[in-house]
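Listed here are the chains, written in short residue letters.
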2 protein chains.
Amino acid sequence: MKNENIPYKIYLEESEMPKSWYNMRADMKKKPAPLLNPVTKQPMKPEELSAVFCEELVAQELDDTTPYIEIPEEIRNFYKMYRPSPLVRAYCLEEKLGTPAKIYYKFEGNNTSGSHKLNSAIAQAYYAKKQGLKGVTTETGAGQWGTALSMACSYFGLDCKVFMVKCSYEQKPFRREVMRTYGASVTPSPSETTNVGKKILAEHPGTTGSLGCAISEAVEVAVGSEGYRYVLGSVLNQVLLHQSVIGLETKAALDKYNIKPDIIIGCAGGGSNLGGLISPFMGEKLRGEADYRIIAVEPASCPSFTRGVYAYDFCDTGMVCPLAKMYTLGSDFIPSANHAGGLRYHGMSSTLSELYDQKLIEAVSVKQTDVFEAAEYFARVEGILPAPESSHAIRVAIDEALRCKETGEEKTIVFGLTGTGYFDMVAYEKFHNGEMSDTIPTDEDLAAARAKLPKID
Amino acid sequence: MKNENIPYKIYLEESEMPKSWYNMRADMKKKPAPLLNPVTKQPMKPEELSAVFCEELVAQELDDTTPYIEIPEEIRNFYKMYRPSPLVRAYCLEEKLGTPAKIYYKFEGNNTSGSHKLNSAIAQAYYAKKQGLKGVTTETGAGQWGTALSMACSYFGLDCKVFMVKCSYEQKPFRREVMRTYGASVTPSPSETTNVGKKILAEHPGTTGSLGCAISEAVEVAVGSEGYRYVLGSVLNQVLLHQSVIGLETKAALDKYNIKPDIIIGCAGGGSNLGGLISPFMGEKLRGEADYRIIAVEPASCPSFTRGVYAYDFCDTGMVCPLAKMYTLGSDFIPSANHAGGLRYHGMSSTLSELYDQKLIEAVSVKQTDVFEAAEYFARVEGILPAPESSHAIRVAIDEALRCKETGEEKTIVFGLTGTGYFDMVAYEKFHNGEMSDTIPTDEDLAAARAKLPKID
């Protein structure tokens, strides 16, 4: 075991926790493209967005100039219940790999929701409460976001209506039960409770659902119910803003020990974890103060960065949301049901998409069998059972560490361990039983989904 | 929210973590009664115990004079991966209850095994490895111990054979899958793979098993296999010794802020968590340096302290283990299948039994519907989904805090939050659906089990 003066886990003091979120967009010279009204194709005005989202969140969504936004005290108090999260030095993993690389991971799974999603859930619930709303609606895929939002709503006494992608609803009854513990109502999507759900069911009978469908249903209910708004757990600028707490804590912990990372790695579905983790580092990069290799890791079965196009697209299947310019596979794209590894969204955060387009971020895609192999290896060596989503980052961190072993370079690698795999044991079981395979979309699959992209002049 | 200078979570520095375990027995004037050979009824000799247990663990089991036993560096390194665990100030719970009491809990659930069991698992695996063994056998009920031992064995490259109580094996497939992730083999008990299993199945066809049966099977396999020993996750003196790390960390964290608890509360099944949590406080009490109210909380459906007798009894159903003097319901006692709240063992740690007999510990029993009510309340207010076992302590901590509200006393309450409830959602679901009831053994049930206690002169 390397003998260094760095503890296994770096915890910030409560007094060292961030008091403001950091807004990367403020330091971007070329800003992310604005959301467009799907009918007029003009940038969405605050008053239009306010029909769907809470007012203060709309302001955050559109603000691309203010670098620091204060975290309200109520949210900071909630953060204190489960944060700071540890920045872990992976001594055991380094030793097992025999690498000269120094590996750190920011572990966001030590809370009941099991993931980083709680960082934004509590912020969104707070602003909904502050606006005097009765409740919020949302969608959830694997269930991490729905669980996080249920916890946040319970804390502030808000009603919480969750549309859960049907295949997850059926495969993860325990996730549903955790949400019920927090008083949320959970509806499998697509459902007969909304017009858009009925339409999707009529067009695709027997469908097991998708995030895009569930978003459409949740938005419809929010817009049609007095005192409700819709909240979203990823993709949006506001979510990346709230998730910046991950990166700010990571940077503060590294700074305490004068550690400068060479490579920062995060998994990317909609981009909330990656965007949060990298934000202060990207800030330095954008301001020309430092340079870092930043790697987004996505599943080969849903490769929006590596095989998508950078274009305006619908955020949801029902096409009720604004249009966003992003790397996308097309809102009609649904990854193979065989894909167990999470990160199933067809698009990617506009902010990250613009950074990727400016070549400030790299992206790689990995196969799920390789991901689960890395997950099990990591669980045994580091004693944490990782979520499949997080394991995408583990896979690439291990690959980079092995590259260092070849070259002898002592690089410092930081990756985001976004959550635990307690509710993903069905997928692990498949892996153990040798029943897991890789399903990679063909060029024809992608072209078909791409053909349905909206035309924007 | 009370405004005090104490953070929500007190974390020790790595350098402040305990370097020795504390052995309460060294400070007891009247020692716990020795284990007896079930045939000769004489105290077990080290060489007899060594057929079942690892040598160094036998030495720890029998040592009732050495107060501090050094924690080997390899174990301390493993502890650093998931310890120190936080001592949490329950500000939100206090506010919600409106109590002047100050409530703290030591949270042991932030590791993949989900409970405190890992503290002893890693120690036992270490000594097995050091002795050059191939592997170990054990039993598990709810699965926390089996998971912890699987993790520990995987870390040291030991084979791990787990006998899992059949009803848990069937109700908790995900627990089984976590153990498989760590390379353990898991057999539902009673099984046809052992003589004692076959005998039990013949006598009680269709039985869903018990901890006592699973222990008998695990011991039989350990004794009959070259290079294997049996390890146990609770009850034994050695386990309480390893678990003292909980109490030592708790005391160090409290001392940092000059906090002196009035009441210390822990759930009690076999006694490993309670014994560990209270150890340094009990040490002070035994040495006359301080006084504390110490409360053991047990389920009304398995009330060994409150309705058992203090007598020599078998530790297992198959009667292959040594006899231990303890508060017991009789080794034939099996709690109602209706009981979902864990803590199902028929007996109680000899050390704790002796302390209880000396009136140094109080005990209360609680009904499982009250326990789950407290669990859900706590989950919503403190943001942690507790294990049913841990929720026994939560129930009594809340009751004591409400008593303080009546009297206006500002008592300081510390309780042990031993684990998370992620794998107990079937029980939570029952509770949510109003399908949970209380099954309390009748006096006749208890008398029948007691009638089978062995006769010791």
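Worth saying up front: this structure is predicted, and the values here are computed from it rather than measured.

K.L.:
When you look at the packing of aromatic side chains in this model, what are you seeing that I'm missing?
P.N.:
A full pass over the atoms with the stated rule returns 43 aromatic pairs over all chains. For the pair B:Phe53 and B:Tyr230, a centre-to-centre distance of 5.9 Å together with 45 degrees between the ring planes defines the contact as tilted. Taken together, the positions of B:Phe53 in the loop between helix 1 (46–49) and helix 2 (55–62) and B:Tyr230 in strand 9 (residues 228–230) put the pair 177 residues apart, joining distant regions of the chain. In this pair, the class of B:Phe53 matches that of B:Tyr230, namely buried. Here the aromatic cluster, defined as three or more aromatic residues joined through ring pairs, consists of A:Phe78, A:Tyr79, A:Tyr82, A:Tyr126, A:Tyr127, A:Tyr155 and A:Phe156. Of note, A:Arg176 hangs over the ring of A:Tyr169, and the distance from its end group to the ring centre comes to 5.0 Å.

K.L.:
How should the pairing of strand 12 (residues 309–314) of chain B be read in this particular structure?
P.N.:
Residue and element names in this part refer to chain B. Taking burial as the measure, the six residues of strand 12 include five buried ones, the bulk of the element. In the sheet, strand 12 pairs with strand 13 (residues 323–328) via six bridges, with the strands oriented antiparallel. Residue pairing across strands places Phe314 opposite Leu323, the latter belonging to strand 13.

K.L.:
Please clarify how the relation of the copies chain B and chain A should be interpreted in this entry.
P.N.:
Two chain copies here: they are related by a rotation about an axis and a translation along the same axis. Turning chain B through 180 degrees and shifting it by 0.0 Å along the axis lays it on chain A, with an RMSD of 0.0 Å. Such a combination of rotation and displacement between the chain copies is what one expects of a two-fold axis. For chain B, the residue whose C-alpha comes nearest the rotation axis is B:Asn110, separated from it by 3.0 Å. A shared binding surface is used by both copies, with 100% of the interface residues of chain B retained as interface residues in chain A.

K.L.:
Got a minute to help me understand the side chain of B:Ser279 in this structure?
P.N.:
Topologically, B:Ser279 is positioned in helix 12 (residues 272–286). Separated by 3.0 Å, the side chain of B:Ser279 and the backbone oxygen of B:Gly276 make a polar contact.

K.L.:
Looking at this structure, I do not really get the confidence of the model for chain A. What am I missing?
P.N.:
Any region with low pLDDT has predicted coordinates that should not be read closely. Across chain A, the average pLDDT comes to 95, with 99% of residues at 70 or higher. Across the interface, the model reports ipTM at 0.94; the global pTM reads 0.95.

K.L.:
I keep staring at the environment of B:Gly276 and nothing clicks. Help me out?
P.N.:
Residues and elements named next belong to chain B. Residue placement: Gly276 occurs in helix 12. A residue is classified by how much of its surface remains accessible, and Gly276, at 0% relative accessible area, is buried. Here the alpha-carbon distance between Gly276 and Lys161, two residues 115 residues apart in the chain, equals 26 Å. Ignoring sequence-local partners within four residues, the contact set of Gly276 consists of Leu240, Gln243, Ser244, Ile246 and Gly247.

K.L.:
Honestly, helix 6 (residues 144–156) of chain B in this entry has me stumped. Any pointers?
P.N.:
One full turn of an α-helix is made of 3.6 residues, so residues set three or four places apart face in the same direction. An ideal rise of 1.5 Å per residue puts 18 Å on 13 residues; helix 6 of chain B measures up with 19 Å between its terminal C-alpha atoms. In the core, the buried residues of helix 6 of chain B are packed alongside helix 3 (73–82), helix 5 (118–130), strand 6 (135–140), strand 7 (159–165), helix 8 (173–181) and helix 16 (388–407) of chain B.

K.L.:
Any chance you could explain helix 10 (residues 211–224) of chain A here in plain terms?
P.N.:
Residues and elements named next belong to chain A. In this model helix 10 runs 20 Å from its N-terminal to its C-terminal C-alpha over 14 residues, within 8% of the 20 Å that 1.5 Å per residue would give. Summarising burial for helix 10: 10 of the 14 residues are buried, a large majority. Those residues of helix 10 that are buried lie in contact with strand 6 (135–140), strand 7 (159–165), strand 8 (185–189), helix 9 (195–203) and strand 9 (228–230).

K.L.:
Looking at this model, I keep getting lost on empty space enclosed by the protein. Mind explaining?
P.N.:
If a probe as big as a water molecule is rolled over the atoms, it shows which places are left empty. Within this structure, the stated rule accounts for seven cavities of 30 Å³ or more. Estimates place the volume of the largest cavity at around 480 Å³. As for the largest cavity, its lining consists of 43 residues, and the residues nearest its centre are A:Phe107, A:Asn110, B:Phe107, B:Asn110 and B:Asn111. Residue assignment for the lining of the largest cavity shows that the elements contributing at least two residues are helix 3 (73–82) and strand 5 (102–107) of chain A together with helix 3 of chain B.

K.L.:
What is the right way to look at the pattern of salt bridges in this model?
P.N.:
Side-chain pairing between opposite charges can occur once the charged atoms of the two side chains come close. Residues and elements named next belong to chain B. The tally for this structure, following the rule as stated, stands at 54 salt bridges over all chains. With a closest N to O distance of 3.3 Å, Glu400 and Arg293 form a salt bridge. You can see Glu400 sitting in helix 16 and its partner Arg293 sitting in strand 11 (residues 293–299), a full 107 residues away along the chain. Notably, a salt bridge pairs Arg403 with Glu400, separated by 2.9 Å at the nearest N-O pair. With Arg403 and Glu400 both in helix 16 and three residues apart, the pair spans about one turn of that helix.

K.L.:
When you look at the sheet that holds strand 9 of chain B in this model, what are you seeing that I'm missing?
P.N.:
Two pairing modes exist for strands in a sheet, parallel and antiparallel, and in both the strands are linked by backbone hydrogen bonds. All names here are of chain B. The parallel open sheet is built from four strands, whose spatial order is 8-7-6-9. A single partner strand is all that each edge strand has here, and the edge strands are strand 8 (185–189) and strand 9. Taking each pair of neighbouring strands and ignoring which way they run, the sheet shows an average axis angle of 25 degrees. Sheet topology places strand 6 next to strand 9; three bridges connect them, and they run parallel. Bridged to Gly135 within strand 9 is Tyr228. On the sheet, helix 10 (residues 211–224) packs against strand 6, strand 7, strand 8 and strand 9 and is oriented at approximately 170 degrees with respect to strand 6.

Cut-offs and rules
- Residues numbered from 1 in each chain as written.
- Chains lettered and ligands numbered in written order.
- Predicted model: local features only at pLDDT ≥ 70, side-chain atom pairs only at ≥ 80, totals over all residues.
- Heavy atoms only, no water.
- Phe/Tyr/Trp six-rings, centres within 6.5 Å; stacked < 30°, edge-to-face > 60°.
- Helix = DSSP H or I, 4+ residues; strand = E, 2+ residues; numbered from the N terminus.
- Buried < 20%, exposed > 50% of the residue type's maximum accessible area, 1.4 Å probe, protein only.
- Lys NZ or Arg CZ within 6 Å of the ring centre and 35° of its normal.
- Pairing = 2+ DSSP bridges.
- Least-squares fit on C-alpha atoms with pLDDT ≥ 70 in both.
- Contact = heavy atoms within 4.5 Å.
- Polar contact = N/O pair within 3.5 Å; in protein donor to acceptor, adjacent residues only side chain to side chain.
- pLDDT = per-residue confidence, 0-100.
- Expected span 1.5 Å × (residues − 1).
- 1 Å grid on protein atoms, 1.4 Å probe; cavity = no way out; pocket = protein on both sides within 12 Å on 5 of 7 lines; lining within 4 Å.
- Points joined across faces, edges and corners; volume = space filled by probe spheres on them.
- Salt bridge = Lys/Arg side-chain N within 4 Å of Asp/Glu carboxyl O.
- Axes fitted to C-alpha atoms, helices over the stretch in contact; angles between N-to-C directions.

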